[in-house]
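A closer look at the structure
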Amino acid sequence: MNESENLSFHKSFTQQEPIPEEGIAAAVTVMQSGRLHRYNTVENEPSETDLLESEFAEYLGVNYALACASGGYAIQIALRSAGVDVGDHVFCNAYTLAPVPGAIHNLGAVPLFIDTNDEYTIDCEHLEQEARKGRAQYLLLSHMRGHLVDMDRLTAICTAHNITVIEDCAHTMGANWNGKKSGTWGKVGCFSCQTYKHINSGEGGFLVSDDEQLMARAVVYSGSYMLYGKHRAAPDDSAFDAVKYTTPNFSGRMDNLRAAILRPQLNQLEKQCARWNCLYEALERELRGQNGIYLPERSAKENFVGSSLQFSLPQLNAADIESFVAQCSARGVELKWFGREEPQGYTSRMDSWRYLQDIPELPNTQRVLAHMLDIRLPLTFDDSDCAILAAIIKDVLQTMR
Ligand SMILES: *Cc1c(COP(=O)(O)O)cnc(C)c1O
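To keep things clear, this report deals only with the structure shown in the data block. Everything numeric in this text was worked out from a predicted model, so none of it was measured. (Residues numbered from 1 in each chain as written. Predicted model: local features only at pLDDT ≥ 70, side-chain atom pairs only at ≥ 80, totals over all residues. Heavy atoms only, no water.)

1. Quick word on the overall build of the protein chain
A count of helical and extended segments in the protein chain gives twelve helices and 13 strands. Here the C-alpha radius of gyration of the protein chain, 22 Å, is about what a compact globule of 401 residues would show, namely 21 Å. Across its three principal directions, the C-alpha atoms of the protein chain cover 70 × 55 × 35 Å. Counting only residues that meet the buried cut, the protein chain has 55% of its 401 residues in that class. Within the protein chain, contacts between residues at least 6 apart in sequence are counted, and of these 73% link residues at least 24 apart. Of the roughly 17100 Å² of accessible surface on the protein chain, 46% is carried by carbon and sulfur atoms. Taken together, the 35 basic and 52 acidic charged side chains of the protein chain have centroids lying 1 Å from each other. (Helix = DSSP H or I, 4+ residues; strand = E, 2+ residues; numbered from the N terminus. Rg over C-alpha atoms; globule rule 2.2 N^0.38 Å. Buried < 20%, exposed > 50% of the residue type's maximum accessible area, 1.4 Å probe, protein only. Contact = heavy atoms within 4.5 Å. Areas by Shrake-Rupley, 256 points an atom, 1.4 Å probe, with all protein chains shown as cover. Lys, Arg positive; Asp, Glu negative; His and termini not counted. Charge placed at Lys NZ, Arg CZ, Asp CG, Glu CD.)

2. Observations regarding empty space enclosed by the protein
According to the stated counting rule, one finds three cavities of 30 Å³ or more in the structure shown. In this structure, the largest cavity encloses a volume near 150 Å³. Lining the largest cavity are 14 residues; nearest its centre among them are Gln 16, Tyr 196, Lys 197, Ser 307 and Arg 376. Classifying every residue of the lining of the largest cavity by side-chain character gives six nonpolar, five polar and three charged. Within this model, the second largest cavity holds a volume of roughly 40 Å³. Its residues assigned to classes, the lining of the second largest cavity comprises five nonpolar, five polar and no charged. (1 Å grid on protein atoms, 1.4 Å probe; cavity = no way out; pocket = protein on both sides within 12 Å on 5 of 7 lines; lining within 4 Å. Points joined across faces, edges and corners; volume = space filled by probe spheres on them. Nonpolar A, V, L, I, M, F, W, Y, C, P; charged D, E, K, R; others polar.)

3. Some points on the environment of Met 144
Positionally, Met 144 belongs in the loop between β4 (138-142) and α6 (151-160). Accessibility expressed as a relative area gives 4% for Met 144, which makes it buried. As for Met 144 and Gly 189, which are separated by 45 residues in sequence, their C-alpha atoms are 14 Å apart. Residues in contact with Met 144, not counting those within four places in the same chain, are Tyr 95, Thr 96, Leu 97, His 171 and Ser 348.

4. Observations concerning the pattern of salt bridges
Scanning all chains against the criterion turns up 23 salt bridges. Here Asp 118 and Arg 367 are joined by a salt bridge, their closest N and O atoms 3.1 Å apart. Taken as a pair, Asp 118 in the loop between β3 (110-114) and α5 (124-132) and Arg 367 in helix α11 (residues 363-371) lie far apart in primary sequence, 249 residues in all. Accessibility expressed as a relative area gives 39% for Arg 367, which makes it partly exposed. For Glu 286, the salt bridge identified is with Lys 394, shortest N-O distance 2.9 Å. Of this pair, Glu 286 sits in helix α9 (residues 269-287) while Lys 394 sits in helix α12 (residues 383-399), and the two are 108 residues apart along the sequence. Note on Glu 286: relative accessible area 31%, which makes it partly exposed. One connected set of salt bridges, linked through shared partners, spans Arg 38, Asp 50 and Glu 53. (Salt bridge = Lys/Arg side-chain N within 4 Å of Asp/Glu carboxyl O.)

5. Concerning the sheet that holds strand β8 (residues 188-192)
Spatially, β1-β9-β8-β5-β4-β2-β3 is the arrangement adopted by the seven strands of the open sheet, whose pairing is mixed. For this open sheet the edge positions go to β1 (64-68) and β3, each flanked by a neighbour on one side alone. Here the strands of the sheet are splayed against their neighbours by 20° on average, with no regard to which way each runs. Bridge analysis of strand β2 (residues 89-93) against β4 gives three bridges, and the strand direction is parallel. Pairing of Cys 92 across the sheet is with Leu 140, part of β4. Across the sheet, helix α3 (residues 71-82) is in contact with β1, β2, β4, β5 (164-168), β8 and β9 (205-209); its angle to β8 comes to roughly 165°. Packed on one face of the sheet, α6 meets β4 and β5 and runs near 165° to β4. (Pairing = 2+ DSSP bridges. Axes fitted to C-alpha atoms, helices over the stretch in contact; angles between N-to-C directions.)

6. Here we look at the pairing of β4
Within β4, five of the five residues are buried, leaving the element largely enclosed by the surrounding structure. Residues of β4 alternate between two faces, with Tyr 138, Leu 140 and Ser 142 on one and Leu 139 and Leu 141 on the opposite face, all of them buried. When β4 meets β5, the two strands line up parallel, connected through five bridges. Within β5, the residue paired with Leu 140 across the bridge is Ile 166.

Quick look at the structure:
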């Protein structure tokens, strides 16, 4: 008999921490003022949204930041602002989340999926092959589940082939590659502040860039009307002269209520990232080296945020993995399995996006997703929770042999 056999886990994998008191107080002040719209300011007073954008730009060390209604919206506006047009092809990860191909499709552009490697990141060799064929001028790069590809290598490939990089940093807010923050590598970086990401306003997103013209277009797209002059983290008014009559309004602004909630969270982001990494290390330590469990080696240059952990069970077939996930679930451990034939809750497999034509066969992506499992590590967990999670995972794996 194994002593961990009766162990089960009782916390929710989707329970985030409360909004900091300071954010709640700021939100109440916004509500008392009645001025929730970002442009509804008294004289030249900056709004919470303006301040949040300035603080986010400063945090990342970029010139400009724009807060918007969601991460998916930020991606869509970023693609448009970077120049993607109807019918254009856009490279993107084959392993990503539904809003990524969705944003490309929304523009009337066409995603070209790039394969996945055993590190769970985009396959640079495949990217280079496709780039050589000149199949696309843009790459929408998702740092899926916080895994950063070798950004030096990726940047070299894209520079050599004149490919504009748009980063999807939904899982890498607070991360960096070799000291350079995620979101500052591409021409434009996109972030989400939806509840399950690293700062939480329910819904929300950002795009950031150092490019003046790109940012002027993004601000007008986001629904600035002729009030772009109120933005503090946007280019000077003169940059808008060239775009203000030719850029449509695709209304998707952030409001002051959300911004008020986010500002104190941004202040605490570094501290929170360190807490996520403690949880990640506590779990990783237990799982790495276990017979039957594969965890990719991560580069010393990859300073990721461990808000979730991925591992593979390369020796198990689909039926076994299904049973593994079910047994873990019965003991309170919720694992996402990206390889599931019928998607549950979300889609991350190319063949789930049947509105697209020509979904390619990418055997590596299919193999990686068929064996990969994902576990969330919300900050409402602690070290002792990670020990229980690891014990249950190992215990269930034992029964599979
Ligand atoms: C969450 C997410 C998005 C989109 O963010 P929303 O704010 O939900 O629109 C984009 N890409 C990835 C990889 C995500 O996980």
